[in-house]
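Here are the chains, one letter per residue:
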Amino acid sequence: MHRTALQALALLTAIASIAPAQLIQAAETKDFLKKTPAWFATEEAKTVAANLLSYQSDFGGWPKNLDLTAKPFTGRRDELVGELRPIFDNSATTDEIRYLARMHKATGDARYLRAVEDGLDYILIAQYPTGGWPQFYPPDSEYHRHITFNDNSMVRILLLLQEMGKPGVFEALDADRRTAAQIAFQRGIECILKCQIKVDGRLTAWCAQHDEFDYSPRPARKFELVSLSGAESVAIVKLLMSLPRPAPEIVESIEAAVVWLQTARIEGWRIEELTTDDTQGHNFSATPDPAAKPLWARFYDITTNQPLWSNRDGVRKLGMAEIGWARHGYAWTGDWAQSLLNKDYPAWKKRLAKEGPGPAFTPWQPVVRIALAGDSTVTDTAGWGFGFKKAITGQVLCQNFAGGGQSSKSFRDTGVWQKVLNSKPDYVLIQFGHNDMPGKGPKRETDPETTYAENLRRYVQEVRAAGAKPVLVTSLVRRIFNRDNSGQLRGELAPYANAMRRIATEEKVPLVDLYTRSVEHVVKLGPQGVEPFEPILPVKPATAPAAKEVGSSTSTSSPTTPPSTKPGDAVSAPEPAAATAPVPAPAPITAEVTAPAAGDIDFPTSTPATRRDGTHLNVPGSIEFANLVVDELKKVIPEADMNHWFRH
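Residues numbered from 1 in each chain as written. Predicted model: local features only at pLDDT ≥ 70, side-chain atom pairs only at ≥ 80, totals over all residues. Heavy atoms only, no water.

1. Side note on the packing of helix H6 (residues 153-164) against helix H8 (residues 232-241)
In a packed pair of helices, the relevant descriptors are the angle between the two axes and the axis-to-axis distance. Quick reminder of the rule: Helix axes are fitted only over the stretch in contact, all axes being lines through C-alpha atoms; the angle between N-to-C directions runs from 0 to 180 degrees. Only DSSP runs of H or I reaching four residues or more are called helices, and only runs of E reaching two or more are called strands; each is numbered from the N terminus. In what follows, roughly perpendicular refers to angles from 65 to 115 degrees, roughly parallel to angles under 35, roughly antiparallel to angles over 145, and oblique to any angle outside these ranges. A clockwise turn of the near helix away from the far one marks a right-handed crossing, whereas an anticlockwise turn of less than a right angle marks a left-handed crossing. The contact criterion used is simple: two residues touch if any of their non-hydrogen atoms lie within 4.5 Å. Each residue is assigned to one of three groups, with Ala, Val, Leu, Ile, Met, Phe, Trp, Tyr, Cys and Pro labelled nonpolar, Asp, Glu, Lys and Arg labelled charged, and all others, Gly among them, labelled polar.
Two elements in contact, H6 and H8, have axes whose closest approach is 10 Å; the angle formed by their N-to-C orientations is 20°. If you check the angle between H6 and H8, you find them roughly parallel. H6 and H8 meet at a crossing whose hand is left-handed. Here Val155, Leu158, Leu159 and Gln162 of H6 come into contact with H8, specifically with Ala235, Ile236 and Leu239. Here the residues of the contact of H6 with H8 are counted per class, giving 6 nonpolar, 1 polar and no charged.

Shown next as structure tokens:
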């Protein structure tokens, strides 16, 4: 089983005891990677490791552009967002994984190995079905979501994965993770080949960003236009050159990129950066100089192959000298390809002539494709989706199509369901109910016995018509206890769970009864026991009457008793569950949070400024409740189909 939130808390507590407090000179993680193997057993190394561990997000990655080595992070784990969010840019995450792998090699401390495993899992989960990586995970809706070669982000990930397949500090990783790393590496190389831009039928180079679905070149910030990259393409070619006995497709890719780099060089110009802006607000000068060394521009027009220059407004300029002071310090030109063309490429040609190319490139095929369809309690960011992906092996491709606010009705109406079918899955796990409830509005709400059941039945039939196998998953219970000290949970989702059970029986569909399992688990843990799994949300002034909130008088079920006592609907705790739980005063009702009804208790640690979310999950909660899904799935899917699905 994966590490639970309580184990994670124990880990963080233990970090403080790894080494005595001492002053560490500020440095980037990569600087410490230059130390000798013996140094990693020192107290100084342990202190640096403790500091790095304190910044590791629950997702598994690390932030960038911060001093992670000199002092520990002392805030709450839920504050590792914004500038502290995990990311791949600027060497973040990859160098921290390398450092902690060296720590485990030197000390044998299992805490370091667990951190490396979580870091690798973060990388594996973040990889798109198309084989590339966003700038960070979970991705946003901005340009960061694109496949990111910018600043060599994806190349650094692939170099790390490549290391994991070789003898050295990563040998302690379990066999599945090492295999998964090599599969992810292969998929990344395949992505690179598909992203290489063709102009007039000829391969050229790469853009700094590419579309995560169709591989097409994409812009990033306004001054980073759709273009051919004279910087990032060099790192990509060097990575491809590192492959032993490359496939003919890789050889073709390298040769074409080298030809493009040769034609893209800028000769006869001396580029100088001004120490202050001139009277026109410019910060570069370009002077003709026949003796100047060749340079390459950061961006080239895909059609004309001419260098591109622009300011923050994205307006193209005629030359580098017209770039404004606002882009002072940006690497617009460099000698990036000089060493590649003069040394690396000739050496690669000699090695290729001696060894010869390898067999044709074989695209990766997963042993099974799983699609997740559902509401926010299934997503990677607020549901059990992340934990589910963390449990699968590297031979499985899992795509999560779940979305916040979706119901069994809106999921089809908004077109997401068609995307599920178009992904050509082998299995589709389907969970709806939270947003089908009364009070969610006509675009979402359904009746459990009629429209909800009809939607489920139609989903089942369409999955089968597409050649896949449906699996129905009853809703994750809301972790909100009644205030009467009865040990009972609110049970308004029970009618939807009952309806799904009925459809599963009638349609002979495998059923993961997550509602029953999560009820049992939550009741056993009690109000305080579930708090480590709850997201912490800020409370804002009320913007809507409480009667319009979930669990208010608009609900069809009583706030104090479950609406059904059919098998699987029991929500009572074993004696003396929750009988001694403290009963604080109600927190302010807010439209920003799913508000309990008047008879429901607040979580014991809720404050006037924050309250816990009893519907959604943080990362430890995602892992905890995904384990229930996995356990039930193993019971209802034939064992022959699941030989390579899960790590445990």
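2. Considering the sheet that holds strand S13 (residues 368-374)
Two pairing modes exist for strands in a sheet, parallel and antiparallel, and in both the strands are linked by backbone hydrogen bonds. What counts, and what does not: Pairing between strands requires that DSSP locate at least two bridges from one strand to the other.
Taken in spatial order, the 5 strands line up as S14-S13-S15-S16-S17 in an open sheet, and their pairing is parallel. If you trace the sheet from one side to the other, it starts and ends with strand S14 (396-400) and strand S17 (511-512), each paired once. For strand S16 (residues 469-473) and S17, the ladder comprises 2 bridges, and the chain directions are parallel. Bridging across to S17, Val473 finds its partner in Val512. Sheet contacts for helix H15 (residues 494-507): strand S15 (427-431), S16 and S17; angle to S16, the most-contacted strand, approximately 150°.

3. Digging into unusual backbone geometry
Omega for the peptide link from Tyr137 to Pro138 comes to -5°, which places this bond in the cis form. Inspection of the secondary structure puts Pro138 in the loop between helix H5 (110-126) and strand S1 (147-148). Located in the positive-phi region is Asp200, a residue other than glycine, with phi close to 55°. Positionally, Asp200 belongs in the loop between strand S2 (198-199) and strand S3 (202-203).

4. What about the nonpolar core?
We apply this condition: We define a nonpolar core as any set of buried Ala, Val, Leu, Ile, Met, Phe, Trp, Tyr and Cys residues linked to one another through side-chain atoms lying within 4.5 Å. Think of it in three bands: residues with accessible area under 20% of the maximum for their type are buried, residues over 50% are exposed, and the middle band is partly exposed, with areas taken using a 1.4 Å probe on protein chains only.
Counting 105 residues, the largest nonpolar core has Tyr99, Trp133, Leu161, Ile192 and Trp206 as the members making the most contacts within it. It is H5 that provides the largest number of residues to this core, a total of 10 residues. Val378, Phe388, Val463 and Val509 belong to the second-largest nonpolar core, a separate cluster that totals 68 residues.

5. Quick notes on the packing of aromatic side chains
For clarity, the cut-off: A pair of aromatic rings is counted whenever rings of Phe, Tyr or Trp (Trp by its six-membered ring) have centres within 6.5 Å, and the orientation is called stacked for planes under 30 degrees apart, edge-to-face for over 60 and tilted otherwise. Geometrically, a charge over a ring is one whose NZ (Lys) or CZ (Arg) sits within 6 Å of the ring centre while staying within 35 degrees of the ring normal.
Inspection of the entire model under this criterion finds 24 aromatic pairs. Note on Trp39 and Phe40: the rings are 5.1 Å apart at their centroids and 85° apart in plane angle, and the pair reads as edge-to-face. We classify Trp39 as buried; its relative accessible area is 11%. Ring plane angle 90° and centroid distance 6.0 Å describe the contact between Phe59 and Tyr137, whose orientation is recorded as edge-to-face. Here the residue Phe59 occupies a position in the loop between helix H3 (43-55) and helix H4 (94-107), and Tyr137 occupies one in the loop between H5 and S1, the gap between them amounting to 78 residues. Each member of the pair, Phe59 together with Tyr137, is buried. Following the ring pairs from residue to residue traces out a cluster consisting of Phe59, Phe88, Tyr122, Tyr137 and Phe386. The ring of Phe625 carries the charged tip of Arg479 above its face, separated from the ring centre by 5.7 Å.

6. Notes on H5
Each full turn of the α-helix corresponds to 3.6 residues, which orients residues three or four apart in the same direction. Put simply, the test is: How far a helix is expected to stretch is found by multiplying one less than its residue total by 1.5 Å.
Here H5 contains 17 residues, and its C-alpha end-to-end distance of 24 Å stays within 8% of the 24 Å for a straight helix at 1.5 Å per residue. Here H5 lies mainly inside the structure; 15 of its 17 residues are buried.

7. Some thoughts on the side chain of Gln431
Our working rule: Any N or O atom pair separated by 3.5 Å or less is treated as a polar contact, with the protein-specific requirement of one donor-capable and one acceptor-capable atom, and with residues adjacent in sequence counted only for side-chain atom pairs.
Summarising the element assignment, Gln431 is placed in strand S15. Among the polar contacts listed, one links the side chain of Gln431 to the side chain of Thr377, at a separation of 2.7 Å. Among the polar contacts made by the side chain of Gln431, one reaches the side chain of Trp384 at a distance of 2.9 Å. Contacts of Gln431, omitting those with residues within four sequence positions, involve Ala373, Gly374, Asp375, Thr377, Val378, Trp384, Val473, Thr474, Ser475, Leu476, Met500 and Leu514.

8. A few points about the side chain of Arg479
Position of Arg479 among the secondary structure elements: in the loop between S16 and H15. Given the relative accessible area of 1%, Arg479 is considered buried. A polar side-chain atom of Arg479 sits 2.7 Å from a polar atom in the side chain of Glu534.

9. Observations concerning the confidence of the model for the protein
For residues with low pLDDT, the predicted coordinates do not support detailed interpretation. Convention followed: Per-residue confidence from the predictor is given as pLDDT, running between 0 and 100.
Mean pLDDT for the protein: 84, with 81% of residues reaching 70 or above. Residue range residues 1-21 is modelled with pLDDT below 50. Its contacts to residues more than four positions away, or to other chains, number 39 contacts. Counting contacts from residues 542-602, a segment whose pLDDT is below 50, to residues more than four positions away or on other chains yields 128 contacts.

10. Section: the packing of H6 against helix H7 (residues 175-195)
Across the interface, H6 lies against H7 with an axial gap of 8 Å and an inter-helix angle of 140°. As summarised for this structure, H6 and H7 are arranged oblique, according to the angle between their axes. Crossing hand, H6 versus H7: left-handed. Note on element contacts: H7 touches H6 through Arg178, Ala181, Gln182, Ala184, Phe185, Gly188, Cys191 and Ile192, opposite Met154, Leu158, Leu161, Gln162 and Met164. Tallied by class, the residues present in the contact of H6 with H7 amount to 9 nonpolar, 3 polar and 1 charged.

11. Looking at the state of the cysteines
This is how the line gets drawn: Here, the term disulfide refers to a pair of cysteine sulfur atoms separated by no more than 2.5 Å.
With the rule as written, the count across this model stands at 0 disulfides. In this structure Cys207 is not part of a disulfide, and its nearest cysteine sulfur, from Cys195, lies 9.4 Å away. Its relative accessible area of 0% is what places Cys207 among the buried residues.

12. What about the pattern of salt bridges?
Definition in use: The term salt bridge refers to a side-chain nitrogen of Lys or Arg lying within 4 Å of a carboxyl oxygen of Asp or Glu.
Following the criterion strictly, the structure yields 39 salt bridges and no others. The residue Lys64 makes a salt bridge to Asp89 at a minimum N-O spacing of 2.7 Å. Of the two residues, Lys64 is situated in the loop between H3 and H4 and Asp89 in the loop between H3 and H4; the sequence distance between them amounts to 25 residues. Take Asp89: its relative accessible area is 4%, and that puts it in the buried class. The shortest N-O distance in the salt bridge between Glu190 and Lys194 comes to 3.3 Å. Highlighted residues: Glu190 and Lys194, both in helix H7, separated by 4 residues, approximately one helical turn. Taking the relative accessible area as the measure of exposure, Glu190 reaches 13% and is therefore buried. For Lys194, a relative accessible area of 45% puts it in the partly exposed group.

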